[in-house]
Amino acid sequence: MKQSRRESALIKSIQSALTRDNHSKKTLLKKLLAFFSVRRIKLTRHERELFEKLRGEVWKFDLNEYQASFHTRGQLPFKTVGDLGYSGSTFLATVDTRLIVKSLPRHFEYSFFQEDLLLPYFEYMSQNPDSLLVWITDYLIAPYVTLGTLFGLTPAHHIVMENTMCGRDEDPAAEKWETYDLKPIDYFYPERDIMPRTLVSDETLNKLADRFDEKLYLSRSDYKCFWDMIQKDTAFLQDANVVDYSLFLIRIPASSDLPVQGRRSPWRAGLPSADGQWKYRAVILDFFWARHKLQPLALSGVVQTFNVVGRQGPMTITTTPSEYRDKFLTMISEMIEEH
């Protein structure tokens, strides 16, 4: 896929932030020059030391190998994955497929992560290195106001995270990899439950939660470790007032040789199924929607109107964190068969 000038400029901004020393002092001249930037804006690593501790001390990354993902000869280090879902986020994957960069264009998402969740996330992941919450390895922000960010032309906030799909491109059995983005499906989805099918495309419906109609075959010990961890992770998200997160599940042929960067946590290295047919990878994604932020609160009023008129149930983004957690755990419990 050929990259546009906008995408190339964004990639260069991200690469610069990840490969250069960004400790230079802010000056009035720098702020003034930065203001007129539209596509190529300055980005810096936010809470640099905090993420260095996570990568090195908790997740055991080879730091030289990590930085090597952002250095490529003769080509840009990222390729565009696309604009996925409804958030408007841009996704970029490193050429070596080890990492993903996701933009956070919506204020309620990045303000929640930056102001409310980031330090608790650091503390929780430090204490639970085998957590299924996706590993966020860097956070980039624009230190100056620019024309590009003011007019929404260039996102100013980006997370760098592990790529759970790492290894598929090199796998001879790549076409047999199966992916599932799983959420409780009994919530109210306007696109599915109200809009006539003639007005909603299959592509739109496909962006809703997937179904996994088979089973995860786990040994008794693997089941206990997984269930204990998933309960702790979702309790953490409930305490942070988060809803609408998903379980990204990958089912991979047992014969596949899977690369791992950093700590070999079972669900990242590829957990063998109890029947010997598959390896499983799983992470919890998209935990940036907090119920106390303005837009979710505003949407709650809209959905309540639907409930009065059409007797529809709550949406994933307007339910309570405790109810969402209960339904999420029920969904996972029904997927597992213990051997």
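Scope of this entry: the structure provided in the associated data block. Note that this is a predicted model, so its numbers are computed, not measured.

**Examining the overall build of the protein**
- A count of helices and strands for the protein gives 12 helices and 14 strands.
- Within the protein, buried positions represent 50% of all 339 residues.
- Within the protein, residue pairs in contact and separated by at least 24 positions form 75% of the contacts whose partners lie at least 6 positions apart.
- Summed over all atoms, the accessible surface of the protein reaches about 16,900 Å², with 52% contributed by carbon and sulfur.

**As for empty space enclosed by the protein**
- A full pass over the atoms with the stated rule returns 2 cavities of 30 Å³ or more.
- The space that makes up the largest cavity amounts to roughly 170 Å³.
- Together, Phe61, Arg98, Trp135, Glu162, Asn163, Thr164, Cys166, Pro259, Val260, Gln261, Arg268 and Arg281 line the largest cavity.
- Within the lining of the largest cavity, the residues separate by chemical class into 5 nonpolar, 3 polar and 4 charged.
- What the second largest cavity holds in volume is close to 30 Å³.
- Lining the second largest cavity are Lys102, Val134, Ile136, Ile159, Met161, Leu285, Asp286 and Phe288.
- Among the residues forming the lining of the second largest cavity, the class breakdown is 6 nonpolar, no polar and 2 charged.

**Regarding the pattern of salt bridges**
- For the structure shown, the criterion picks out 15 salt bridges.
- Taking the shortest distance from any N to any O, the salt bridge between Glu52 and Arg48 comes out at 3.5 Å. In this pair, Glu52 and Arg48 both sit in helix H3 (residues 48–58), 4 residues apart, roughly one turn of the helix.
- Given a relative accessible area of 35%, Glu52 falls into the partly exposed group.
- According to the relative accessible area criterion, Arg48 is partly exposed, its value standing at 21%.
- A salt bridge links Glu162 to Arg268, with the nearest nitrogen and oxygen atoms 2.9 Å apart. Taken together, the residues Glu162 in strand S6 (residues 157–162) and Arg268 in helix H10 (residues 266–269) connect sequence positions 106 residues apart. Of the two residues examined, Glu162 and Arg268, each falls in the buried class.
- A cluster of three or more residues bridged by salt bridges with shared partners is formed by Arg45, Arg55 and Asp138.

**Some remarks on the sheet that holds strand S10 (residues 246–253)**
- Strand order in the open sheet made by the 4 strands is S7-S10-S12-S11, with antiparallel pairing throughout. Either end of the sheet is taken by a strand with one partner, and the two such strands are strand S7 (178–182) and strand S11 (271–272).
- As defined by bridge partners, S10 adjoins strand S12 (residues 278–285) across 8 bridges and the pair is classed as antiparallel. By the bridge assignment for S12, Ser246 is matched with Leu285.
- Here helix H9 (residues 220–239) sits on the sheet and contacts S10, S11 and S12; the angle it forms with S12, its principal contact strand, is near 15°.

**As for the nonpolar core**
- Counting residues in each nonpolar core, the largest one holds 88 residues, and the members touching the most others are Leu247 and Phe287.
- Tallying contributions element by element places helix H5 (residues 107–127) first for this core, with 10 residues.
- Excluding its chain neighbours within four sequence positions, the residues that come into contact with Phe287 are Phe112, Leu117, Tyr121, Leu133, Val134, Ile136, Leu237, Val242 and Tyr245.

**Concerning the side chain of Ser265**
- Within the secondary structure, Ser265 sits in the loop between S10 and H10.
- A relative accessible area of 2% means that Ser265 is categorised as buried.
- Looking at Ser265, its side chain comes within polar contact range of the side chain of Asp130, at 2.6 Å.
- The contact partners of Ser265, leaving out residues within four places of it in the chain, are Pro129, Asp130 and Trp135.

**Let's talk about the packing of aromatic side chains**
- Summed over the entire model, instances satisfying the criterion amount to 19 aromatic pairs.
- When the ring of Phe61 is compared with that of Trp135, the centres are 5.9 Å apart and the planes differ by 50°; the resulting orientation is tilted. Here Trp135 lies in the loop between H5 and strand S5 (136–141) and Phe61 lies in the loop between H3 and helix H4 (63–68), a separation of 74 residues in the sequence. No difference in accessibility class separates Phe61 from Trp135, as the two residues are buried.
- Three or more aromatic residues joined by ring pairs form one cluster here, namely Trp59, Phe61, Tyr66, Phe70, Phe78 and Trp135.
- The positively charged end of Arg251 is found above the aromatic ring belonging to Trp278, 4.1 Å away from the centroid.

Definitions and limits used
- Residues numbered from 1 in each chain as written.
- Predicted model: local features only at pLDDT ≥ 70, side-chain atom pairs only at ≥ 80, totals over all residues.
- Heavy atoms only, no water.
- Helix = DSSP H or I, 4+ residues; strand = E, 2+ residues; numbered from the N terminus.
- Buried < 20%, exposed > 50% of the residue type's maximum accessible area, 1.4 Å probe, protein only.
- Contact = heavy atoms within 4.5 Å.
- Areas by Shrake-Rupley, 256 points an atom, 1.4 Å probe, with all protein chains shown as cover.
- 1 Å grid on protein atoms, 1.4 Å probe; cavity = no way out; pocket = protein on both sides within 12 Å on 5 of 7 lines; lining within 4 Å.
- Points joined across faces, edges and corners; volume = space filled by probe spheres on them.
- Nonpolar A, V, L, I, M, F, W, Y, C, P; charged D, E, K, R; others polar.
- Salt bridge = Lys/Arg side-chain N within 4 Å of Asp/Glu carboxyl O.
- Pairing = 2+ DSSP bridges.
- Axes fitted to C-alpha atoms, helices over the stretch in contact; angles between N-to-C directions.
- Core = buried A, V, L, I, M, F, W, Y, C linked by side-chain atoms within 4.5 Å.
- Polar contact = N/O pair within 3.5 Å; in protein donor to acceptor, adjacent residues only side chain to side chain.
- Phe/Tyr/Trp six-rings, centres within 6.5 Å; stacked < 30°, edge-to-face > 60°.
- Lys NZ or Arg CZ within 6 Å of the ring centre and 35° of its normal.

Remember, this is a structural readout, not a statement about activity or role.
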